[in-house]
Amino acid sequence: MHQEKRLPKNGKEGAIFGAIIVTLSVLMMGSINIILAAGEFNKEVAMNMLIVLPIIWVIVMIIEPVAIGRFAEFLSSKFISQTDGFAARIMFRTIFTVLGMSFTMTIVGDIIGNGFTTEIFANFVQIWPRNFVIALFLESVVIQPFARFVMVKMHAAQDRKAAVQTNTQFI
């Protein structure tokens, strides 16, 4: 059976794949949102980013596999069939993951940045559409392709190592 080399094959690879995606997403989307909220980029904003981005990273590493990933997988299963190709599967999974994560993290980010205020809903209505579009673009064009590239390289290295071990056993 053909093994997909662009995706993780086990839990360890899944954790690496997820960590790559979350790290790039948090760095890119978190930075964009913090800079836009501040209205400029300066030393104070950079220091705030160094404090806040690791916290956001931990939140996303928990929320994505526990809730949003399951939500995205469930919704994707309603739109794809066994005969659909890799691109269709990735497209639906990416759309639904970005939908859930951008929705959730727009609210969480506003709470982290501004606390619990009466303006959370008004801020959400203004910020979420922008976050969704930017995140969908970044996930589709930069983040997911990079993570899949890393998986391809990891699997190629594993295949080379296995071939060397097989060849040395026959010597």
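Scroll up for the structure.
The text that follows walks through the structure, step by step, so that each part is easy to find. Note that the structure is predicted; figures quoted are calculated from it, not measured.

All right, on to the overall build of the protein then. On a plain count of helices and strands, the protein comes out with four helices and zero strands. Going from the N terminus to the C terminus, the protein shows its helices and strands as α-α-α-α. Its C-alpha atoms give the protein principal-axis dimensions of roughly 70 × 40 × 25 Å. A total of 171 residues make up the protein; the buried ones form 30% of that total. For the protein, the proportion of contacts with a sequence separation of at least 24, taken over those separated by at least 6, is 70%. Split by element, the accessible area of the protein, about 10800 Å² in all, is 70% carbon and sulfur.

Right, let's get into helix 3 (residues 86-114). If you check helix 3, its first and last C-alpha atoms are 40 Å apart, about what 29 residues at 1.5 Å a residue would give, namely 42 Å. Looking one or two places after helix 3, you find Gly115, whose phi comes out positive at around 80°.

Take the packing of aromatic side chains next. Applying the stated criterion across every chain, the model contains six aromatic pairs. Taken together, a centroid distance of 6.2 Å and an interplanar angle of 25° make the contact between Phe92 and Phe96 stacked. Of the two residues, Phe92 and Phe96 both sit in helix 3, four residues apart, roughly one turn of that helix. Taken individually, Phe92 and Phe96 each receive the classification buried, so the pair is uniform in this respect. Aromatic ring contacts, followed pair by pair, group Phe103, Phe124, Trp128 and Phe132 into a single cluster.

Following the sequence through the fold, Thr94 ends up in helix 3. If we skip the residues at most four places from it in the chain, Thr94 touches Leu136, Glu139, Ser140 and Gln144.

Where helix 2 (residues 43-79) meets helix 3, the closest approach of the two axes is 8 Å, and the angle between their N-to-C directions is 145°. Along this stretch, helix 2 crosses helix 3, giving a crossing that reads as right-handed. Among the residues making up the contact of helix 2 with helix 3, the classes are represented as 16 nonpolar, five polar and three charged.

Taken together, the side chains of Ile51, Ile55 and Ile112 define a hydrophobic patch exposed on the protein surface, amounting to about 270 Å² of accessible area. In this structure, Ile51 sits in helix 2. Ile51 sits in the exposed class, given a relative accessible area of 55%.

A separate point is helix 1 (residues 11-38). Given a rise of 1.5 Å per residue, 28 residues ought to cover 40 Å, and the 38 Å separating the end C-alpha atoms of helix 1 matches this to within 8%. What helix 1 keeps buried is the set Glu13, Phe17, Ile20, Ile21, Val22, Ser25, Val26, Met29, Gly30, Ser31 and Ile34. Capping of helix 1 at its N-terminal end is provided by Asn10; its side-chain oxygen lies 3.1 Å from the backbone amide nitrogen of Lys12. Gly39 sits one or two residues past helix 1 and shows a positive phi near 85°.

Our focus in this paragraph is the pattern of salt bridges. Under the criterion given, the structure shown has four salt bridges. Across the pair Lys5 and Asp159 runs a salt bridge whose closest N-O atoms are separated by 2.6 Å. Note that Lys5 is positioned in the segment before helix 1 and Asp159 in helix 4 (residues 120-169), a separation of 154 residues in sequence. Glu64 is the salt-bridge partner of Arg93, the closest N and O atoms lying 3.5 Å from each other. Of this pair, Arg93 sits in helix 3 while Glu64 sits in helix 2, placing them 29 residues apart in sequence. When its relative accessible area of 26% is taken as the criterion, Arg93 is described as partly exposed. Through salt bridges with shared partners, one network takes in Glu64, Glu73 and Arg93.

About the criteria used
Per chain, the residues get numbers from 1 upward, laid out in the order the sequence is written. It should be noted that, the model being predicted, local features are given only for residues of pLDDT at least 70 and side-chain atom pairs only at 80 or more, the latter also being counted only at that level, while totals for whole chains, interfaces and linings use all residues. Excluding hydrogens and water, the side-chain values take into account all heavy atoms of the structure. The helix and strand labels rest on DSSP assignments: H or I over at least four residues marks a helix, E over at least two residues marks a strand, and numbering proceeds from the N terminus. Working definition: with a 1.4 Å probe on protein chains only, accessible area under 20% of the residue-type maximum means buried, over 50% means exposed, and in between means partly exposed. It only takes one pair of heavy atoms within 4.5 Å for two residues to be counted as in contact. We get accessible surface area from the Shrake-Rupley algorithm with a probe of 1.4 Å; when it comes to residues, only the shown protein chains can shield them. Take the number of residues in a helix, subtract one, and multiply by 1.5 Å to get its expected span. Pairing of aromatic side chains here covers Phe, Tyr and the six-membered ring of Trp, requires ring centres within 6.5 Å, and sorts the geometry by plane angle: under 30 degrees stacked, over 60 edge-to-face, intermediate tilted. Under this scheme, a helix contributes an axis fitted over its contacting stretch, all axes are lines through C-alpha atoms, and angles between N-to-C directions fall in the 0 to 180 degree range. Definitions for this section: a left-handed crossing has its near helix turned counterclockwise from the far helix by less than a right angle. A right-handed crossing has that turn clockwise. Note on residue categories: nonpolar means Ala, Val, Leu, Ile, Met, Phe, Trp, Tyr, Cys or Pro, charged means Asp, Glu, Lys or Arg, and polar means any other residue, Gly included. Patches here are clusters of residues that have more than 30% relative accessible area and form no salt bridge, with a 9 Å joining cutoff for like charges and a 5 Å cutoff for nonpolar side chains (Val, Leu, Ile, Met, Phe, Trp, Tyr). Definition used for salt bridges: Asp or Glu carboxyl oxygen within 4 Å of a side-chain nitrogen of Lys or Arg. In the analysis that follows, any N or O atom pair within 3.5 Å is treated as a polar contact, provided that within protein one partner can donate a hydrogen and the other can accept it, and provided that, for residues neighboring in sequence, both atoms belong to side chains.

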